[in-house]
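Single-letter residue listing:
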Amino acid sequence: MIKIPARYVSGYICTDKNGMRGEGATHARAEAYIPDYGWLGLDPTNNIIANENHVRRQWAVTLWIARR
């Protein structure tokens, strides 16, 4: 079994692209910890990897996702 550290992140999306869900409002996403890389933000609402347009405001306690 592999344990993957993950956490809930809330913040904002600040972008000039029209049509992104959550734009200009509070927005939540998940982050998973990748060894030798760090925390990788995942935005399932917009089906993208979080980037410079995703502003982190706060995060919750780290969770462990077990994968077999």
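Everything numeric here is computed off the predicted structure, so don't read it as measured data.

Quick notes on the rules
- Residues numbered from 1 in each chain as written.
- Predicted model: local features only at pLDDT ≥ 70, side-chain atom pairs only at ≥ 80, totals over all residues.
- Heavy atoms only, no water.
- Phe/Tyr/Trp six-rings, centres within 6.5 Å; stacked < 30°, edge-to-face > 60°.
- Lys NZ or Arg CZ within 6 Å of the ring centre and 35° of its normal.
- Salt bridge = Lys/Arg side-chain N within 4 Å of Asp/Glu carboxyl O.
- Helix = DSSP H or I, 4+ residues; strand = E, 2+ residues; numbered from the N terminus.
- Buried < 20%, exposed > 50% of the residue type's maximum accessible area, 1.4 Å probe, protein only.

(A) Spatial organisation of the packing of aromatic side chains. The full count for this structure, using the stated rule, is 1 aromatic pair. Directly above the aromatic system of W39 lies the positively charged group of R7, at a separation of 3.8 Å from the ring centroid.

(B) Seen up close, the pattern of salt bridges. Overall, the coordinates contain 2 salt bridges when judged by the stated rule. Linking R7 and E31 is a salt bridge whose minimum nitrogen-to-oxygen distance equals 2.9 Å. Of this pair, R7 sits in strand β1 (residues 2–13) while E31 sits in strand β2 (residues 26–34), and the two are 24 residues apart along the sequence. Overall, E31 belongs to the buried group, its relative accessible area being 4%. Taking the shortest distance from any N to any O, the salt bridge between E31 and R29 comes out at 3.8 Å. When sorted by exposure, E31 lands in the same class as R29, which is buried. Where salt bridges share partners, they join R7, R29 and E31 into one cluster.

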